[in-house]
Amino acid sequence: MMIIFVNPRSLFIAVVSAASALLPFCSARAEMSSWAENEGGRMRLVALPADAGGKIRAALQIEPNPGWITYWREPGNSGIPPQVTLAPGSGVTLDAMAYPVPKHFFNGAIEDIAYDAPVTLPLSLAAAGKGPVEIDAAAFIGICKDICIPFQANFSLKLGAAIQSHPQEEAILQAAHAALPKPPSAEFGVTAHSMSPDMKTLSLTLALPGEGTSAPDIIVTGPSGHVFTKQVAGKRDGAVFKVDIAIGKLPKNYDMSGKRWGVLVVDGKTAMETTLAFE
């Protein structure tokens, strides 16, 4: 029986926790699993053999069906971010997961930060020791249309030798890397930022890559589970954009000192992601 429900995040997690032990493994030839499918789409795991230092380039490929979405690392008002868990004792660990540039979706008061087309999330893995490597991973995503369906699958990959050629996997990983937002530069970045004493307003000054007139899309990520996108009094003067971002509710007694927040800026077809440090 498939369990389907409306969006609340806590219920989403509870349902998956109860059902995860019932899910089969998806495995296929080395370096690429078979597709796991549900009503809203499909996903699979792709990886290249470990290099001499034990580093593994991998990715989770997600293909929502038409009309469905899956979420970015901070999903907005509802939903949950993608999660990849490596089995304890497998000898493989997850160092980092990267996220291509998402889209903003608005439905009344509901704001989603998500993907409505195929997306590949790059994974940086590390293998301990020498010899053959087997990835034993569980992937969990939220996939939504009018309803949200928890989608979890277990993947097992036995990686081959690094000396072999893997053109299909290499092409998938290169395309995924190209879809990531760029790091900051002198032409595109945050040149100044400050938080108001009451922690209600974040002021940003941006250098933008073009001479357009429209406001860029700005997504600020604070404490885990908190995302801020409402722009106030934005003004663009050529390649310079000054704006205030309204900061919603923060955790009780939250102290900004020493914190690091993230910011993603999308200006036309280009995107930049960086960290805001608060002293």
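For clarity, every value in this text was computed on a predicted model and none was experimentally measured.

Rules behind the numbers
- Residues numbered from 1 in each chain as written.
- Predicted model: local features only at pLDDT ≥ 70, side-chain atom pairs only at ≥ 80, totals over all residues.
- Heavy atoms only, no water.
- pLDDT = per-residue confidence, 0-100.
- Contact = heavy atoms within 4.5 Å.
- Buried < 20%, exposed > 50% of the residue type's maximum accessible area, 1.4 Å probe, protein only.
- Helix = DSSP H or I, 4+ residues; strand = E, 2+ residues; numbered from the N terminus.
- Expected span 1.5 Å × (residues − 1).
- Arc of directions from axis to C-beta.
- Salt bridge = Lys/Arg side-chain N within 4 Å of Asp/Glu carboxyl O.

### Some remarks on the confidence of the model for the protein
- Scored by pLDDT, the protein has a mean of 87; 87% of the residues are at 70 or more.
- Here residues 1-24 is a poorly scored stretch, pLDDT under 50, and it has 44 contacts once near neighbours within four places are set aside; other chains count.

### So, unusual backbone geometry
- Look at Met199: it is not a glycine, yet its phi comes out positive at around 55 degrees.
- Judged by its relative accessible area of 22%, Met199 is partly exposed.
- Even without being a glycine, Asn253 presents a positive backbone phi close to 60 degrees.
- Tracing the backbone through its elements, the reader meets Asn253 in the loop between β18 (240-246) and β19 (260-267).

### Overview of helix α2 (residues 167-178)
- Here α2 is twelve residues long and its end C-alpha atoms lie 16 Å apart, about the 16 Å a rise of 1.5 Å per residue gives.
- Within the span of α2, buried status applies to Glu169, Ile172, Leu173 and Ala176. Viewed along the axis of α2, the buried residues span an arc of 90 degrees, placing them on a single side of the element. Turned more than 90 degrees from where α2 packs its buried face, Pro167 and Ala178 sit exposed.
- On the buried face of α2, the contacting elements are β3 (41-47), β4 (55-64) and β10 (119-127).

### Digging into the pattern of salt bridges
- According to the stated counting rule, one finds six salt bridges in the structure shown.
- Arg236 serves as the salt-bridge partner of Asp267, at 3.0 Å between the closest nitrogen and oxygen. Residue Asp267 is found in strand β19, and its partner Arg236 is found in strand β17 (residues 231-237); the two are separated by 31 residues along the sequence. The pair formed by Asp267 and Arg236 is uniform in burial state, with each residue classed as buried.

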